Amino acid sequence: MDSSGGDASGRRCIYLDYNGTTPVKPEVLSAMLPYLTEHFGNPSSSHHYGQEPKRAVDAARRSLLRLIIHPNDEFDGRDSDPSSIVFTGCGTESNNLAIRLALMSSNHKADEEGLLHVVTTNIEHPAISQCLHMYEAKEGLTPRISTTYVPVNDEGIVSAEDVIGAIRPNTALVTVMTANNEVGSLQPVMEIAKRCREKGVLFHSDAAQAVGKVTLRGLAHQEEGADLITVVGHKFGAPKGIAALYIRPNCFNEHGRTNPQEGGSVLLMGGGQEGGRRGGTENVPYIAGMGRAAELLFVKNDPCIHLLDAGDHMMAMRERLLQNIVRGLGESMVRVNGPSESFNRLPNTLSVGLKGVRSGELLANVGDVVACSAGSACHSSSSDQPRSYSAILKAINVPPEFAIGTLRLSVGPDTTEDEVDVAAEVIVKEAKRQLSA
């Protein structure tokens, strides 16, 4: 991929942080520009200038919906209700909104102490875990909750049985990410969604890291799918600052639940945009861009074909990168964190521990040549402490001597063999420098 970054010698900086964010695709930028110039109108306006922006917003809803509905439901009028897509400003907002809607709809399930219950895992993104902490706190948000954090195994995968087994009579929500942002572990969200539906418990999945890497078709299946799904634009070629929350039609009117605010907003109160769910004038250029990014995942009207091709390429680049690092440092010095089987991991993600290496120092020294991270770019510190490492690595019991030296390397659909070879060479060279010091 092209990049304007590089070191003092003029070498281009190699980008291996696609899980942090992705470059805006040229086709996406082209789709956005008309709504920054000619079609600048407010989509809520009834006059001429509001018509094309409204059309663009509606088209983007349909494009995003196609990514997650079941193929058999696409044109039968059941799952294809565009109003089930609510646009937000970021994945954090979508996750916070999903949690609040679920809790506010389920007050009838509160126990004798007035508490609702939530089931989640111990490797969720802070947009989930920190939000839940605010509802857990005595002086925090209401309605108050207790939370069960179901532990994952040493590969970073949660057991669907354990999740379902944690459900109680007062459980208002189960929320499990589709794919982990650090080690790439894929969670059994389809099975969890089906089991939650059978029990009448709302299920939410943060699918931010999965879009564009694995197929999500069927995650929003009418009978067996998730009730709430978070999708984030900048993770698959759209700009930062746009995301969406899928809300299954009528999910808040079932099993004794009450539709929060009668379908109105519960976070951003305002002019009633997004079907009343989220006040604020729609960001039409970014919404159009996100819709175009979704469309680009379809080849011959089948996203599975495109994702299979892109996934195979990314997996090949990931494995080549790993092989080069192992060849340079030796098998005993390198540990892959997360799933041992490729089909249980995002095809682009390599979390690799380098024994005896300090990842923070390595990143500081190679950052102008290779762009990667030691963990999630969403919540990492610019000053990496010598003996600190992420809670995710602790949760999956990565030995400290490897955890402290862990790098998250995430390739993209346009990553080349040359880029992978040079990046591995740079990483190995810096690791050897540290080890010999």
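Residues numbered from 1 in each chain as written. Predicted model: local features only at pLDDT ≥ 70, side-chain atom pairs only at ≥ 80, totals over all residues. Heavy atoms only, no water.

Comments concerning the environment of Asn-170
To keep it simple, the criterion reads: By definition, any uninterrupted DSSP run of H or I lasting at least four residues is a helix, any uninterrupted run of E lasting at least two residues is a strand, and each is numbered from the N terminus. Between two residues, a contact is recorded if the distance between any of their heavy atoms is within 4.5 Å.
Mapping Asn-170 onto the fold places it in the loop between helix H5 (160-165) and strand E5 (171-175). Taking the C-alpha atoms as reference, Asn-170 lies 14 Å from Phe-203; in sequence the two are 33 residues apart. Leave out the neighbours within four places in its chain, and Asn-170 touches Lys-109, Ala-110, Asp-111, Leu-115, Leu-116 and His-117.

Digging into the nonpolar core
If you look at soluble globular proteins, the nonpolar side chains tend to sit buried side by side. Heads up, the condition is: The term nonpolar core refers to a set of buried residues drawn from Ala, Val, Leu, Ile, Met, Phe, Trp, Tyr and Cys, joined through side-chain atoms within 4.5 Å. Only protein chains enter the area calculation, which uses a 1.4 Å probe; residues under 20% of their type maximum are buried, those over 50% are exposed, and those in between are partly exposed.
Counting residues in each nonpolar core, the largest one holds 67 residues, and the members touching the most others are Leu-64, Phe-87, Val-174 and Ile-192. Of all the elements, helix H2 (residues 48-68) adds the most residues to this core, at seven residues. Discounting chain neighbours no more than four positions away, the residues touching Leu-64 are Ile-85, Phe-87, Val-231, Phe-236, Ala-244, Met-290 and Ala-294. Ala-310, Leu-322, Leu-363 and Ile-427 belong to the second-largest nonpolar core, a separate cluster that totals 30 residues.

Some words on the sheet that holds strand E4 (residues 145-150)
Using the following cut-off: At least two bridges found by DSSP between two strands are what make those strands a pair. Axis geometry follows a simple rule: fit a line to the C-alpha atoms, using only the stretch in contact for helices, then measure angles between N-to-C directions, giving values from 0 to 180 degrees.
Strand order in the open sheet made by the seven strands is E2-E8-E7-E6-E5-E3-E4, with mixed pairing throughout. Single-partner strands in this sheet number two, and they are strand E2 (85-88) and E4. Here the strands of the sheet are splayed against their neighbours by 20 degrees on average, with no regard to which way each runs. Pairing of strand E6 (residues 202-206) with strand E7 (residues 228-232) involves three bridges; the strand directions are parallel. The residue of E7 that forms the bridge with Asp-206 is Thr-230. In this fold helix H4 (residues 126-136) packs onto strand E3 (116-121), E4, E5 and E6, with an angle of close to 145 degrees to the strand it touches most, E4.

Remarks on the pairing of E5
Each regular strand displays side chains that alternate between the two surfaces of the sheet. Just so we agree on the cut-off: By convention, a crossover is right-handed whenever its connection, traced from the first strand over the helix to the second and viewed with the strands pointing away, goes clockwise.
Summarising burial for E5: five of the five residues are buried, a large majority. Two strands pair when backbone bridges link them, and E3 and E5 are joined in this way by three bridges, in the parallel orientation. By the bridge assignment for E5, Val-119 is matched with Val-174. With three bridges joining them, E5 and E6 adopt parallel strand pairing. Residue pairing in the sheet places Thr-175 in a bridge with His-204 of E6. The handedness of the E5 to E6 crossover, carried by helix H6 (residues 189-199), is right-handed.

Quick notes on the environment of Ala-423
Its location among the elements puts Ala-423 in helix H12 (residues 417-436). Along the primary structure Ala-423 and Asn-324 are separated by 99 residues, whereas in three dimensions their C-alpha atoms are 9.3 Å apart. Once you skip the residues sitting within four places of it in the chain, Ala-423 turns out to touch Ile-14, Leu-16 and Val-370.

As for the pattern of salt bridges
Test applied: Here, a salt bridge means any Lys or Arg side-chain nitrogen found within 4 Å of an Asp or Glu carboxyl oxygen.
In total, this model carries 19 salt bridges according to the counting rule given. The salt bridge involving Asp-227 is made with Arg-248; its shortest N-O contact spans 2.8 Å. Of this pair, Asp-227 sits in the loop between E6 and E7 while Arg-248 sits in the loop between strand E8 (243-247) and helix H7 (284-295); the two residues are 21 residues apart in sequence, bridging distant segments of the chain. Its salt-bridge partner being Glu-319, residue Arg-318 comes within 3.0 Å of it at the nearest N-O pair. In this structure Arg-318 comes out as buried when scored by relative accessible area, which is 1%. Residue Glu-319 is classed as partly exposed on the basis of its relative accessible area, which comes to 25%. In the salt-bridge network here, residues are joined through shared partners; they are Arg-197, Asp-227, Arg-248, Glu-254 and Arg-257.

On their own, these measurements won't tell you what the molecule is for.
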